[in-house]
Amino acid sequence: MNMRSIKTATSKASVVLTALCILAIAVTVFGCGWGVGSDHSVRFNPYRNETEFGRLPPLPKYGAEAANKLFSWHQDVAYDWELEEKTAKSIDKLWETAAAREADGRLGDLRRCLSEYLQRTAAERSSRWNRATDVQKRRNSAIDKLDALGELDRGASQSAVAEYLAARTEYDGACRPDEVLRHLSLAREEFRLRDNGDYLQAALSRDDLELAADGFERLAHIYPHSEKREAALYMSAVLKMKSSESYKYQHDGRALKDPCVDCRDKAWKGAQQGFERVIREYPKGRYRADARGWLGYLSGLVGDKAQALCEYYRLLSESDHAGRVEALFSLCLVRHRADDSAMDRVEKALEREPAAALAYAYHNIYNYAFGPKYERDFYEDGDDEGESDDEPAGQASPGQKRELARVASFATRMMNKFSSSSLTAGFVVRVAEADLELGREADASALARRALRMGAVGDIRAEALWIAGVSEFRRRRYSTARQALVALIAEHRNDRYTEGARRQLAMLEEDTGNIEAALDQYLALDYRHDVAYFVDVLLTPEQLAAFIERRPGLANRDELQYSLGIRYLRDRRWDEARSAFAKVKPLGRDVDSSYQWTHQEYNSRYEEEKEPPKLQDCDPKIRGVRRHWIDQDVRTANDLEALERRVEGAPDDESRAEALYQVASYEFERSLLFYNPLAWHGQRHYLLVDLDERGAFRQPNESQVLFDHMQRHDMAANSLAIFLEVARRFPNTRAARDALYTAAVCHERLADYNGYWRAVYDEGGHAGERMVAYGDVRAAYPEYRFPRGTVGWEPSTRTVEGGPGWEKPPRPKPRPSKWARAVKLADSWVSEGFKFLNRALTDLEFLLKQGWLGIVSFFAFVGHCFWVLAMCGWLWFLWRRMREARVLMDEALARSKPRPAEERLNQDTLLAVTPSVSVMKRYLNQDMRARWLEIVYDLEYKIHQIVGEKRGISLVAFYAASHALFAVLLVRLLVNW
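Residues numbered from 1 in each chain as written. Predicted model: local features only at pLDDT ≥ 70, side-chain atom pairs only at ≥ 80, totals over all residues. Heavy atoms only, no water.

### Digging into the overall build of the protein chain
So, point 1. When helices and strands are counted, the protein chain shows 48 helices and three strands.
So, point 2. When the 977 residues of the protein chain are sorted by exposure, 47% land in the buried category.
So, point 3. Across the protein chain, the fraction of contacts at a sequence separation of at least 24, relative to all contacts at a separation of at least 6, is 68%.
So, point 4. As displayed, the protein chain has an accessible area near 50,200 Å², and 54% of this comes from carbon and sulfur atoms. (Helix = DSSP H or I, 4+ residues; strand = E, 2+ residues; numbered from the N terminus. Buried < 20%, exposed > 50% of the residue type's maximum accessible area, 1.4 Å probe, protein only. Contact = heavy atoms within 4.5 Å. Areas by Shrake-Rupley, 256 points an atom, 1.4 Å probe, with all protein chains shown as cover.)

Shown next as structure tokens:
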């Protein structure tokens, strides 16, 4: 299933691939343009570790040039959308030119335009993601028109060819069948164009798939030697595939997840036979790769993943670059869906095809086992078959080890099966590759050397040398590893093996102490970060000078010579610095003029705050030493040398301390004074902080070398030593006090200067020979008055933010006159008098208020007492009435008849007052409850008799009212007592 077929079959895949490309470009841009570090580096590579450096590159999916020069520096630059857009527009313009030539009848120019169009839109040259308009449709038309134009060389008339071209143009445009057929009837008058006419007429029936397929087959039968025969056979197979049930059912994108296993109908089989016929009859034809891809796609439609993979691996092993690219994209869709049984079938089928088997083994190691997992995530919508996102960096995970073991086993079987030396060498190398990834370096080295002895050639030899060099380097067999890597580099100057071989050789030379040889490799690779680290940090000035001297033809000589001058500046070797700068050939002064003009507004707003001064208004795309850099550095050398001479010529300690203090102040006030813009491009401290945090050091004591570099480079640390020297040598001078204070300021600034110094101070470290805090300054000089602030402190002029360094002492207030003193005294007396009067009035007010409250409280108490007496009187009155009511009630009850005996035995009467029969029945007639109920019923019986008398109701009401009113008044009295 090549990608053209995938795009036809499913819109989802095209969207996914576009998103994948955008992600890849974004990762590249971020990693190489805006992020910390680069993949084109050793120490400053946050994406790979040393184990991954030894891994062979995966098979590339993009362009022949990218495949052959995979590691060129310019490939690491941000994706140039403007260039792609211009390229697409120029291709569209070329097509428009061809149309104009056709309209003018200039067939010779038309042929040249169409040939150029096909060349510029070929898969290895055309962008896969930002193509011109309707590329595939226009390519098909160009091929067809060139076939017709080719008949001119065999004697066809120009008028007939023009008619055919008009028919093809009409077919591609409005496609009015009558017009197409009219032009074709005129073109068929030339017998040499009849096959072309039949081809276009068959294509005209594209809405009827079976009719169109029959037309193409009929053409192939009638014209066995026609140049259109291969295309006719191919189109017939394509149309049969599209008419099959499997395609109709699955071409919407579900074929891979939900194949139609029972859809091998007649059309499907006819399509399969048709594609196989194209491959068989045209082994070097134009459509061979496409036919192979469609065969794989057909197998995928019916769920035969093993057969589909076989076709893709066969396509991957062929020489056609466009076909290999399509095979790689198709494998991204299918390979991870195949289980172990499917892969066993694949290996069994490929055992008879060594070239495809080799392609399968390499792909399975470097494109699948160690391939980027985000690719399958894009295709899968999240169903990644349980694979973990947290795969170990560098070392093979369990799943990867399983795939490596599979490849090793398969390659071993193949190696034992074939007797041909070249084929056997290839499979030996595959086993070696798997062993290297599994950590079996000794076995990998032995097999790689065996492959070399067997006469491996081409890519197989390159891979054998790679495996031998890497495995022996890891085993510390430096001599043989160096020989293998040097041989690989000599045979492959700039292709997909070059970067890895040079990178391994650079690390090997470092580990063996040959620093200059390692720098040679980094220069050859154009690893800018590593070169910057070597020339600005790792090498001593003497080593760098010797390196330049021994290489007079060095391409980067001016850059290295300038770097040497910066190193001399840091070591205060002024004459040597000026001499080194004098040997540099700088660029012209106007080299950045266009950049400054186009970026003037942006620079004024942003870059002056973010970039080092030397990099402001410099075009980052232009490499080379600027003249104003050298002018600034020579001026720095002259100024510092003059200041040091003042120290030597000072007559006494006070002036000598002041002169030395001015030397330190000069450095303190100039940020990035010794910065090398050509080496670091504004990324120095980001890269060095990342290096220190990851601990990616390769040399002994390298962390201390980096610390020394930071102290010499950063001005607050560089000047700190001189300030401390002033305080130590001349403690009783004025400059000593300011120097010790400025030393404390240096420590304060360094503690938050950048990530490196923050980490140093957070861990209890510091720059310079000792830590100085403001308390130490106060302890050494108790009477020293601190400046107004530390921010903006300029020690050379002893000012703060351009103003005075210390606030002036306040002037004493003038003595007031006698009149003023008298007025002030009178004012104080009046104020005190008003205060006394206010206090007296407040006290009087309080006494009056308290007296009034006492009187009110007395009368309230007397009133309450009268109320209590009144209540007691009422209670006495009610008590007498209650006694009368009880006497009358007792007499009435005595006169009443008792309840009859028959009612006493009536249980229903008792149950009538029981709240719940089921609950209370068990208590009836039981002791106390029965007695109480009898008393209640007796009282009720008598009350009924009393109520029936003449004054019975009045008696009951009198009794209830007197008792209730007494109870209420009693409660009220008790509550409000």
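This is not the end of the story, as more comes after the structure.
### Here's the deal with the packing of helix 28 (residues 528-538) against helix 30 (residues 557-570)
So, point 1. One can describe the packing of helix 28 onto helix 30 by two numbers: an axis separation of 9 Å at closest approach and a directional angle of 30°. By the criterion of interaxial angle, the relationship of helix 28 to helix 30 is roughly parallel. Seen from above, helix 28 lies across helix 30 with right-handed handedness. Between helix 28 and helix 30, the contacting residues are F534, V535, D536 and V537 on the first element and L560, S563, I566, R567 and R570 on the second. (Axes fitted to C-alpha atoms, helices over the stretch in contact; angles between N-to-C directions. Parallel < 35°, antiparallel > 145°, perpendicular 65-115°, else oblique. Left-handed = near helix turned anticlockwise from the far one by under 90°.)

### Regarding the side chain of R798
So, point 1. Mapped onto the elements of the fold, R798 is located in the loop between strand 1 (793-794) and strand 2 (799-800).
So, point 2. Polar contacts involving the side chain of R798 include one to the side chain of D738, which spans 2.4 Å. (Polar contact = N/O pair within 3.5 Å; in protein donor to acceptor, adjacent residues only side chain to side chain.)

### A short note on the packing of aromatic side chains
So, point 1. Across all of its chains, the model carries 31 aromatic pairs by this definition.
So, point 2. The interplanar angle of 55° and the centroid separation of 6.3 Å between the aromatic rings of W757 and Y761 together place this pair among those described as tilted. Linking W757 with Y761, this pair stays in helix 41 (residues 755-762), spanning four residues, or about one helical turn.
So, point 3. Its relative accessible area of 0% is what places W757 among the buried residues.
So, point 4. Classification of Y761 as buried rests on a relative accessible area of 12%. (Phe/Tyr/Trp six-rings, centres within 6.5 Å; stacked < 30°, edge-to-face > 60°.)

### Some details on the environment of L301
So, point 1. With respect to the element layout, L301 can be found in helix 15 (residues 288-301).
So, point 2. When its relative accessible area of 0% is taken as the criterion, L301 is described as buried.
So, point 3. Sequence separation between L301 and P259 is 42 residues; the distance between their C-alpha atoms is 5.4 Å.

### Considering the environment of G469
So, point 1. Along the chain, the position of G469 falls in helix 24 (residues 458-474).
So, point 2. Along the primary structure G469 and A484 are separated by 15 residues, whereas in three dimensions their C-alpha atoms are 5.1 Å apart.
So, point 3. In this structure G469 touches A481, A484 and L485, once residues within four positions along its chain are discounted.

### Some points on helix 48 (residues 952-975)
So, point 1. Here helix 48 contains 24 residues, and its C-alpha end-to-end distance of 35 Å stays within 8% of the 34 Å for a straight helix at 1.5 Å per residue.
So, point 2. Among the residues making up helix 48, those that are buried are G952, L955, S962, F966, L969 and L973. (Expected span 1.5 Å × (residues − 1).)

### Some points on the pattern of salt bridges
Side-chain pairs of opposite charge can arise whenever the charged atoms involved come near each other.
So, point 1. Going through the model one piece at a time under the given rule, you end up with 76 salt bridges.
So, point 2. Note that E351 is salt-bridged to R413, the shortest N-O span being 3.4 Å. With a gap of 62 residues between them, E351 in the loop between helix 18 (340-350) and helix 19 (354-369) and R413 in helix 21 (residues 398-417) connect regions that are remote in the sequence.
So, point 3. Residue R413 is classed as partly exposed on the basis of its relative accessible area, which comes to 36%.
So, point 4. Between E644 and R572 there is a salt bridge, and its shortest N-O distance comes to 3.0 Å. Here the residue E644 occupies a position in helix 34 (residues 627-649), and R572 occupies one in the loop between helix 30 and helix 31 (574-582), the gap between them amounting to 72 residues.
So, point 5. Salt bridges here are not isolated pairs; linked through shared partners, they connect R288, R292, E311, R314, E318 and E353. (Salt bridge = Lys/Arg side-chain N within 4 Å of Asp/Glu carboxyl O.)

### Focus on the nonpolar core
So, point 1. With 235 residues, the main nonpolar core has F275, L350, I467, Y522, W680 and W757 as its most contacted residues.
So, point 2. When neighbours within four sequence positions are excluded, L350 is seen to be in contact with C310, Y313, R314, A356, A357, Y360, F410 and M414.
So, point 3. In this structure, L875, L878, M882 and F966 belong to the second largest nonpolar core, which totals eight residues. (Core = buried A, V, L, I, M, F, W, Y, C linked by side-chain atoms within 4.5 Å.)

### Regarding the side chain of S299
So, point 1. By the element assignment, S299 lies in helix 15.
So, point 2. Given the relative accessible area of 3%, S299 is considered buried.
So, point 3. Filtering out sequence-adjacent residues up to four positions away, S299 remains in contact with W268, D304, Q307 and A308.

### Here we look at the sheet that holds strand 1
So, point 1. Spatial strand order, 1-2-3: three strands in an open sheet with antiparallel pairing. Two strands in the sheet have a free side with no partner beyond their single neighbour: strand 1 and strand 3 (803-804).
So, point 2. Bridge analysis of strand 1 against strand 2 gives two bridges, and the strand direction is antiparallel. Residue pairing in the sheet places E794 in a bridge with T799 of strand 2. (Pairing = 2+ DSSP bridges.)

### Some remarks on the packing of helix 28 against helix 38 (residues 702-713)
So, point 1. Remark: helix 28 packs on helix 38, axes separated minimally by 10 Å, with the N-to-C direction vectors making an angle of 75°. Judged on the interaxial angle alone, helix 38 and helix 28 are roughly perpendicular. Within the contact between the two elements, helix 28 uses Y533, D536, V537 and L538 and helix 38 uses E702, V705, L706 and H709.
So, point 2. Residue classes in the contact of helix 28 with helix 38 are distributed as five nonpolar, one polar and two charged. (Nonpolar A, V, L, I, M, F, W, Y, C, P; charged D, E, K, R; others polar.)

### Structural notes on a nonpolar patch on the surface
So, point 1. Side chains of W852, L853, I855, V856, F858 and F859 sit close together on the surface and give an oily, nonpolar patch of about 660 Å² of accessible area.
So, point 2. Summarising the element assignment, F859 is placed in helix 43 (residues 818-895). (Patch = residues over 30% accessible without salt bridge, like charges linked within 9 Å, V, L, I, M, F, W, Y side chains within 5 Å.)

### A short note on helix 37 (residues 684-694)
So, point 1. Taken as a whole, helix 37 has its buried residues at R684, L687, L688, V689, D690 and L691.
So, point 2. Against helix 28, helix 36 (677-680), helix 38 and helix 41 lie the buried residues of helix 37.

### So, the confidence of the model for the protein chain
So, point 1. Of the residues in the protein chain, 85% have a pLDDT of 70 or more, and the chain-wide mean is 84.
So, point 2. Mean pLDDT across the elements of the protein chain ranges from a minimum in helix 1 (residues 3-9), with 38, to a maximum in helix 25 (residues 478-491), with 96.
So, point 3. Across residues 907-911 the pLDDT falls below 50, and counting only partners more than four positions away or on other chains, this stretch makes seven contacts in the model.
So, point 4. Of the regions scoring below 50 in pLDDT, residues 913-917 engages in seven contacts with residues more than four places distant in sequence or in other chains. (pLDDT = per-residue confidence, 0-100.)

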